[in-house]
Amino acid sequence: MTIDPADLLARLIACPSVTPEEAGALDLLEAELEAIGFAVTRLRFEGDGSYPVGNLFATRGQGGRRLLFAGHTDVVPPGDSAHWTSDPFTPRIEEGKIFGRGAADMKSGIAAFIAACAEIPPEAGTIHLAITNDEEADAINGTEKLVAWMAEHGHHFDFAIVGEPSSTQTVGDSIKIGRRGSISGKVTVTGTQGHVAYPHKANNPLPVLAAVATALSSEKLDAGTDHFPASNLELTTIDVGNPVSNVIPMSGTLRFNIRYNDIWTPETLTDWVRARIASVNPCGTNIAFEMSGTPSRAFLSPLGADIETLSAVIAERNGKPPEYSTGGGTSDARFIAQYGPVVECGLVGPSMHKADEHIALADLTGLTEIYSAFMRRYFAGDPA
């Protein structure tokens, strides 16, 4: 049985699966996967203060090498449909491109991988798929819990591919071998409110808040590593909430985000932030600091034979090997990296999250070919 990746992608786009609504996307994948011999398990996780989310785990084959493919069917909201040339959930093919929400991020990766699986004999080895519908929002009841469930039930893997858009200009010119971590925080400085004409009866928190902002942003965290750029702290907002000019405010807050490399952990960064704040004279104010949200940790997959195999396949197709990248934001690969080596290998994605999101159909065919060629070589144990 063969699967046309463009047809499968079109049917997936037609499912308006804005997080956390599945909108039939997982039902569609279940039917397609069962038709090519996969056993499918549907899982629904909830709790941790977030909405319940549907997930899909599929497996085929017994013994041999074990390969995991991971991805997500959920998409971001399309926004104002007036900015789209046509309905965002009605797939449109024009001039060799397919348009629709999720075309680039990342229903195309899923369609390409399933089409490639249809070309691989079941006896070649073990293939797992971990598909979530919770990547674009909270990411609480999705991949993190899904891969933990896999480990608990003995579904281990030797290598993993996440089908997120990873290419820059052409398919396969870049694969991600790691990602920076992300951590956010808030600092609140509280003084004493008063009239600006009587400053001796008040204690203005704003000069201290400004000094904290300078302390946090004026010192470099590091100079980068072999595979990561320098970590960076960015101030994202400073808020006082004072609409008038004759009142000294009681308090002010600032928020920041740090994107960091593998030198740091959330714990060591928290210590660094506390030390920088401690260097500021509070001048009688109260300085409160807290980290906000759930931090994501930086990770770097070990460079080894499987990444070399993927690179060799891409080099044969493109004439040169891919760049190894750790750029961009966070992805669900950070959860998978806790259980085994993982890379991100997908399409070019400049239109993702934009109106008229689209990909070139030739790129979809190319990614399917890369996945298929990699799996044949991976299961044969031939890195050359």
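Residues numbered from 1 in each chain as written. Predicted model: local features only at pLDDT ≥ 70, side-chain atom pairs only at ≥ 80, totals over all residues. Heavy atoms only, no water.

Participant: What is the right way to look at the pairing of strand S3 (residues 66-72) in this model?
Facilitator: A regular strand places its side chains on the two faces of the sheet in alternate fashion. Within S3, 6 of the 7 residues are buried, leaving the element largely enclosed by the surrounding structure. Relative to strand S6 (residues 126-132), S3 runs parallel, the two sharing 7 bridges. The partner of Gly71 across the bridge, within S6, is Ile131. Sheet topology note: the S3/strand S7 (residues 159-162) ladder contains 4 bridges and is parallel. Bridge pairing in S7 links Leu67 to Phe159. (Buried < 20%, exposed > 50% of the residue type's maximum accessible area, 1.4 Å probe, protein only. Helix = DSSP H or I, 4+ residues; strand = E, 2+ residues; numbered from the N terminus. Pairing = 2+ DSSP bridges.)

Participant: Sorry if this is basic, but what is going on with the pattern of salt bridges here?
Facilitator: Two side chains with opposite charge may pair up if their charged atoms get near one another. Inspection of the entire model under this criterion finds 17 salt bridges. The partner of Arg42 in a salt bridge is Glu22, with the nearest N and O atoms 3.2 Å apart. Of this pair, Arg42 sits in strand S1 (residues 39-47) while Glu22 sits in the loop between helix H1 (5-13) and helix H2 (25-35); the two residues are 20 residues apart in sequence, bridging distant segments of the chain. Note on Arg42: relative accessible area 32%, which makes it partly exposed. Among the ionic pairs, Glu267 bridges to Arg297, the shortest N-O distance being 2.9 Å. Of the two residues, Glu267 sits in helix H6 (residues 266-278) while Arg297 sits in the loop between strand S15 (286-296) and strand S16 (299-300), which places them 30 residues apart along the sequence. Among the charged side chains, a network of salt bridges with common partners joins Glu22, Asp27, Glu30, Arg42 and Arg44. (Salt bridge = Lys/Arg side-chain N within 4 Å of Asp/Glu carboxyl O.)

Participant: Would you take a moment to explain the packing of aromatic side chains for this structure?
Facilitator: Between two aromatic rings, the relevant description is the distance of the centres plus the angle of the planes. Taken as a whole and judged by the stated rule, the model has 9 aromatic pairs. Taken together, a centroid distance of 5.4 Å and an interplanar angle of 35° make the contact between Phe374 and Tyr378 tilted. Note that Phe374 and Tyr378 are positioned in helix H9 (residues 361-380) at a spacing of 4 residues, about one turn of the helix. Given the relative accessible area of 1%, Tyr378 is considered buried. Ring pairing ties together the aromatic residues Phe159, Phe374, Tyr378 and Phe379, which thus form one cluster. Over the face of the ring belonging to Tyr378 we find Arg65, whose NZ or CZ atom lies 4.0 Å from the ring centre. The ring of Tyr198 has Lys201 lying over it, and the distance from NZ or CZ to the ring centre is 5.3 Å. (Phe/Tyr/Trp six-rings, centres within 6.5 Å; stacked < 30°, edge-to-face > 60°. Lys NZ or Arg CZ within 6 Å of the ring centre and 35° of its normal.)

Participant: Whenever I open this one, the side chain of Glu164 confuses me. Can you help?
Facilitator: As for its placement among the helices and strands, Glu164 is situated in the loop between S7 and strand S8 (174-176). Here Glu164 is buried and forms no salt bridge, its nearest opposite-charge partner Arg179 lying at an N-O distance of 5.8 Å. Within the structure, the side chain of Glu164 is placed 3.1 Å from the side chain of His72, a separation counted as a polar contact. (Lys, Arg positive; Asp, Glu negative; His and termini not counted. Polar contact = N/O pair within 3.5 Å; in protein donor to acceptor, adjacent residues only side chain to side chain.)

Participant: What's the story with the nonpolar core in this structure? I'm lost.
Facilitator: Generally speaking, nonpolar side chains in soluble globular proteins are found buried as a group. Core analysis: the biggest nonpolar cluster contains 59 residues, and Leu129 and Met375 have the highest contact counts within it. In terms of residue count, H9 provides more of this core than any other element does, 9 residues in total. Residues contacting Met375, with those up to four places away along its chain left out, are Leu67, Phe113, Ala116, Cys117, Ile120 and Ile127. With 22 residues, the next largest nonpolar core counts Val187, Ala215, Leu233 and Ile277 among its residues. (Core = buried A, V, L, I, M, F, W, Y, C linked by side-chain atoms within 4.5 Å. Contact = heavy atoms within 4.5 Å.)

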